[in-house]
Amino acid sequence: MSSSSRARDSHPIASQIESFQDELFPQIPKLDRRMAAGTGRVPKRSSSAKGQIRGAQRSKHKVKSSRSDARTEERLRRSEMLLAQAEQLANIGSWELDVESNTLAWSAHFYRMLGHKPKRAAVPHAWGIRFIHPDDRERAECDLNAILSTGAPLDNELRFTTADGSVRVFHSRAVAITDKRGKVVRVRGMSQDVTESRAAETTMRKSESLLSHAEEIAHLGSWEYDVQPAVARLSKNLRAMYGLAENEEFTRE
């Protein structure tokens, strides 16, 4: 009987370790029987064994990296989906101007607000400007130049012409993105379609103006009394009839 066989027979645990090793990790070299037999010497790994271990380590790193990338992409897709839903609910479109390339990137809903099919690629700034009502373009350029030169936030209302020729009112707000030197490199903003709300405000103002003229002609005045806070609201003509200033409070006394 050879010495290695005698060592293995005298150490049944070594035999079991070799068996499990072959079953679970066939790519890893077997334990040296001298080690199992208690010689205390560990043989040097061959170059092929070292290459297999390094390959396994690299594969493990790649698996972890790919899983992390997949989770990041999933979070990004979810954020984009939530933003798109929020834009539709609030009728808001987001946009970004790249100063160096002078190009605009619009969100999908911004395109839809103008009645156009969304584009993935950025578009020239001049192409986007043409959707602004001709009478508002000069003001739009002035507001843009102001944020580029000072970095101050932009806040304006402009009329836009949609694909079907209708005119919509957009309330826009934007902030400047600067580089390490403080130079504005991007302008990011959001625009909300406020056409209906502005139309309602205009209608209300017209109604109030007509009522005021009618009261003047008929020498009448109108009023409203709110019981809970005990506040009386008088029309402009009724205030004049009582000799009250525009902001003077009316009391029962």
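Let me begin by describing the structure that accompanies this report. These figures come from a predicted structure and were not determined experimentally.

## A closer look at the sheet that holds strand β6 (residues 184–193)
Here comes step 1: With antiparallel pairing, six strands are arranged side by side in an open sheet as β3-β2-β1-β6-β5-β4. Of all the strands in the sheet, just β3 (123–124) and β4 (154–161) have a single pairing partner and so form its edges.
Here comes step 2: Pairing of strand β2 (residues 103–106) with β3 involves two bridges; the strand directions are antiparallel. By the bridge assignment for β3, Leu 104 is matched with Val 123.
Here comes step 3: Packed onto the sheet, helix α8 (residues 195–218) meets β4, β5 (167–178) and β6 and runs at close to 120 degrees relative to β5.

## Let's talk about the packing of aromatic side chains
Here comes step 1: In this structure the tally under the stated criterion is eight aromatic pairs.
Here comes step 2: Where Trp 106 meets Phe 110, the ring centres are 4.6 Å apart and the plane angle is 40 degrees; that geometry is what we call tilted.
Here comes step 3: A residue is classified by how much of its surface remains accessible, and Trp 106, at 10% relative accessible area, is buried.
Here comes step 4: Exposure remark for Phe 110: the relative accessible area of 3% places this residue in the buried category.
Here comes step 5: Aromatic side chains Trp 106 and Trp 127 sit 5.7 Å apart centroid to centroid with 45 degrees between the ring planes, which places their arrangement in the tilted category. Note that Trp 106 is positioned in strand β2 and Trp 127 in helix α6 (residues 125–129), a separation of 21 residues in sequence.
Here comes step 6: Each residue in the set Trp 106, Phe 110, Tyr 111, Trp 127, Phe 131, Phe 160 and Phe 170 is aromatic and connected to the rest through ring pairs, giving one cluster.

## Some remarks on unusual backbone geometry
Here comes step 1: With a phi close to 55 degrees, Asn 102 is a non-glycine residue in the positive phi region.
Here comes step 2: Residue position: Asn 102 is located in the loop between β1 (92–98) and β2.

## Focus on the pattern of salt bridges
Here comes step 1: As enumerated under the stated definition, the model contains 11 salt bridges in all.
Here comes step 2: Each member of the salt-bridge network shares a partner with another, and the members are Glu 96, Asp 98, Arg 186 and Arg 188.

## Some thoughts on the nonpolar core
Here comes step 1: In this structure, Trp 95, Trp 106, Leu 114, Ile 147, Phe 160 and Val 187 are the most contacted members of the largest nonpolar core, which totals 23 residues.
Here comes step 2: Those elements that provide at least two residues to this core are β1, β2, α5 (108–113), α7 (137–150), β4, β5 and β6.
Here comes step 3: If near-sequence neighbours (up to four positions away) are discounted, Leu 114 is found in contact with Trp 106, Phe 131, Phe 160, Thr 161, Thr 162, Ala 163 and Phe 170.

## Some details on empty space enclosed by the protein
Here comes step 1: What the rule picks out here adds up to two cavities of 30 Å³ or more.
Here comes step 2: By volume, the largest cavity amounts to about 290 Å³.
Here comes step 3: The wall of the largest cavity is formed by 19 residues, among which Trp 95, Ile 129, Ile 132, Leu 158 and Phe 160 lie closest to the centre.
Here comes step 4: Those elements giving two or more residues to the lining of the largest cavity turn out to be β1, β2, α6, α7 and β4.
Here comes step 5: Taken together, the residues of the lining of the largest cavity break down into 12 nonpolar, five polar and two charged.

## Section: the side chain of Ser 191
Here comes step 1: If you trace the backbone, Ser 191 turns up in strand β6.
Here comes step 2: Of the polar contacts made by the side chain of Ser 191, one reaches the side chain of Trp 95; its length is 3.0 Å.
Here comes step 3: Polar contacts involving the side chain of Ser 191 include one to the side chain of Ser 172, which spans 2.6 Å.
Here comes step 4: Those residues in contact with Ser 191 that lie beyond four places of it in its chain are Asn 91, Ile 92, Gly 93, Trp 95, Phe 110, Met 113, Phe 170, His 171 and Ser 172.

Thresholds applied
- Residues numbered from 1 in each chain as written.
- Predicted model: local features only at pLDDT ≥ 70, side-chain atom pairs only at ≥ 80, totals over all residues.
- Heavy atoms only, no water.
- Pairing = 2+ DSSP bridges.
- Helix = DSSP H or I, 4+ residues; strand = E, 2+ residues; numbered from the N terminus.
- Contact = heavy atoms within 4.5 Å.
- Axes fitted to C-alpha atoms, helices over the stretch in contact; angles between N-to-C directions.
- Phe/Tyr/Trp six-rings, centres within 6.5 Å; stacked < 30°, edge-to-face > 60°.
- Buried < 20%, exposed > 50% of the residue type's maximum accessible area, 1.4 Å probe, protein only.
- Salt bridge = Lys/Arg side-chain N within 4 Å of Asp/Glu carboxyl O.
- Core = buried A, V, L, I, M, F, W, Y, C linked by side-chain atoms within 4.5 Å.
- 1 Å grid on protein atoms, 1.4 Å probe; cavity = no way out; pocket = protein on both sides within 12 Å on 5 of 7 lines; lining within 4 Å.
- Points joined across faces, edges and corners; volume = space filled by probe spheres on them.
- Nonpolar A, V, L, I, M, F, W, Y, C, P; charged D, E, K, R; others polar.
- Polar contact = N/O pair within 3.5 Å; in protein donor to acceptor, adjacent residues only side chain to side chain.

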